[in-house]
Amino acid sequence: MANLTNKTSRCRRNKRRTHWVIHPPHLVSCPHCHTPKLPHHVCPECGYYKGRQVLKVEE
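Residues numbered from 1 in each chain as written. Predicted model: local features only at pLDDT ≥ 70, side-chain atom pairs only at ≥ 80, totals over all residues. Heavy atoms only, no water.

Asker: Teacher, can you tell me more about the environment of Trp 20 here?
Answerer: By the secondary structure assignment, Trp 20 is in the loop between helix H1 (10–16) and strand E1 (28–29). Separated by 27 residues in the primary sequence, Trp 20 and Gly 47 place their C-alpha atoms 34 Å from one another. (Helix = DSSP H or I, 4+ residues; strand = E, 2+ residues; numbered from the N terminus.)

Structure representation (structure tokens):
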């Protein structure tokens, strides 16, 4: 089992972890039905992508 040569201080450890942040997803409104959706994805509500229907959505 490996042994520590030098203890990592709390300050150095926390500086390394500053980028471990959860960001909320970036949402855009669908140009067809105006519901929020992920960019570059098919709208789950209406099934449209880039102005044409790709999925048939049951209502």
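Structure's up, so let's keep going.
Asker: It is not clear to me how a nonpolar patch on the surface should be interpreted in this structure. Could you clarify?
Answerer: Taken together, Val 54, Leu 55 and Val 57 make up a surface patch of nonpolar side chains, about 230 Å² in accessible area. Tracing the backbone shows Val 57 in the segment after strand E4 (52–53). Its relative accessible area of 30% is what places Val 57 among the partly exposed residues. (Patch = residues over 30% accessible without salt bridge, like charges linked within 9 Å, V, L, I, M, F, W, Y side chains within 5 Å. Areas by Shrake-Rupley, 256 points an atom, 1.4 Å probe, with all protein chains shown as cover. Salt bridge = Lys/Arg side-chain N within 4 Å of Asp/Glu carboxyl O. Buried < 20%, exposed > 50% of the residue type's maximum accessible area, 1.4 Å probe, protein only.)

Asker: For this particular structure, what's the right way to read the environment of Pro 25?
Answerer: Within the secondary structure, Pro 25 is located in the loop between H1 and E1. Judged by relative accessible area, which is 59%, Pro 25 ranks as exposed. Spatially, the C-alpha atom of Pro 25 lies 9.8 Å from that of Pro 39, the residues being 14 residues apart in sequence.

Asker: So what exactly am I meant to see when it comes to unusual backbone geometry here?
Answerer: Backbone geometry at His 40 places phi at a positive 65 degrees, although glycine is not the residue there. Its location among the elements puts His 40 in the loop between strand E2 (36–37) and strand E3 (48–49). For His 40, a relative accessible area of 68% puts it in the exposed group. A positive phi is found at Lys 50, a non-glycine position, where the angle reads about 55 degrees. By the element assignment, Lys 50 lies in the loop between E3 and E4. With relative accessibility at 72%, the residue Lys 50 sits in the exposed group.

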